[in-house]
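# Structure assessment
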Amino acid sequence: QRYAGIQDEAIEYNTGVLFFSERAKPVFESWKRLAPQIDSSIVFLGPQGQRMVMPHNDQGSFAAAIEETQFLPFVLPLNWNFRPQWHLSFFGPVKIWHDYLEPPPFFAEMSRYYAKPEAIIQYHSATR
C-alpha cells in the first residue's frame, strides 16, 4: 500500500497541475481536512537505488478526498504534466514540462513541428 489510511484501490492523481471550477469546492474542503490526518510519506528508490523517504506528499489525501466526495474528475493526458524523471514516453506535444532540468534539445524541434496545422500526433521517447 502506497499511503497509510486510504484504500488500496484508490486512484492516485498527479496533483502537480489542477484546473477546477466551483463544482470542485467539496473536494478541496475534504482535501484540506484530510491532509493533516493521512500519512503522506512515500518510500522510494533514489537515483543510485538507495532507499529514500519523501516526508510530505499531497496525492494520498487528494485521492482520499476524491473517494470521499465521489467526485468524477476530468483527467488530462500525460503530456499535460510531463515528468521526465518518471515518464519515459508520451504522445503528442508536451504542454507542461514538470522538471527542474531544461528539456532536451529535440523538444524545441518537436514544439515547432506540433505548431504546424498539418502536424500528426506521434509517439515519442522522453530521451528522443
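In short, a report on the structure. Keep in mind it's a predicted model, so treat the numbers as computed, not measured.

### A closer look at the pattern of salt bridges
For the structure on display, the rule yields 1 salt bridge. E68 serves as the salt-bridge partner of R33, at 2.2 Å between the closest nitrogen and oxygen. Placement of R33 in helix α1 (residues 25-34) and of E68 in helix α2 (residues 59-69) is noted, with a sequence separation of 35 residues between them. For E68, a relative accessible area of 42% puts it in the partly exposed group.

### Some points on the pairing of strand β2 (residues 51-54)
In this structure, strand β1 (residues 42-45) lies alongside β2, joined through 4 bridges in antiparallel fashion. Across the sheet, L45 pairs through a bridge with R51, a residue of β2. Between β1 and β2, which pair antiparallel one after the other, the connecting turn spans 5 residues, and G49 there sits at a positive phi close to 80°.

### Concerning the packing of α1 against α2
When two helices pack together, their arrangement is given by the angle between the helix axes and by the axis-to-axis distance. Taken N-terminus to C-terminus, the directions of α1 and α2 make an angle of 130°; their axes are 8 Å apart at the nearest point. One finds that α1 runs oblique with respect to α2. Two packed elements cross with a definite hand, and for α1 against α2 that hand is right-handed. Mapping the contact onto sequence places P26, V27, S30, W31, R33 and L34 in α1 and S61, F62, A64, A65, I66, E68 and T69 in α2. Here the contact of α1 with α2 is composed, by residue class, of 8 nonpolar, 3 polar and 2 charged.

### Observations concerning α1
All buried positions along α1 are accounted for by V27, S30, W31 and L34. An end-on view of α1 places all buried positions within 100° of arc, on one side of the element. In this structure, the buried side of α1 is in contact with α2.

### As for the environment of A63
By secondary structure assignment, the location of A63 is in helix α2. It is 6.2 Å that separates the C-alpha atoms of A63 and I11, two residues lying 52 residues apart in sequence. Those residues within four positions of A63 in sequence are excluded, and the remaining contacts are I6, I11 and E12.

What counts and what doesn't
- Residues numbered from 1 in each chain as written.
- Predicted model: local features only at pLDDT ≥ 70, side-chain atom pairs only at ≥ 80, totals over all residues.
- Heavy atoms only, no water.
- Salt bridge = Lys/Arg side-chain N within 4 Å of Asp/Glu carboxyl O.
- Helix = DSSP H or I, 4+ residues; strand = E, 2+ residues; numbered from the N terminus.
- Buried < 20%, exposed > 50% of the residue type's maximum accessible area, 1.4 Å probe, protein only.
- Pairing = 2+ DSSP bridges.
- Axes fitted to C-alpha atoms, helices over the stretch in contact; angles between N-to-C directions.
- Parallel < 35°, antiparallel > 145°, perpendicular 65-115°, else oblique.
- Left-handed = near helix turned anticlockwise from the far one by under 90°.
- Contact = heavy atoms within 4.5 Å.
- Nonpolar A, V, L, I, M, F, W, Y, C, P; charged D, E, K, R; others polar.
- Arc of directions from axis to C-beta.

Geometric descriptors of this kind do not, in isolation, establish any biological role.
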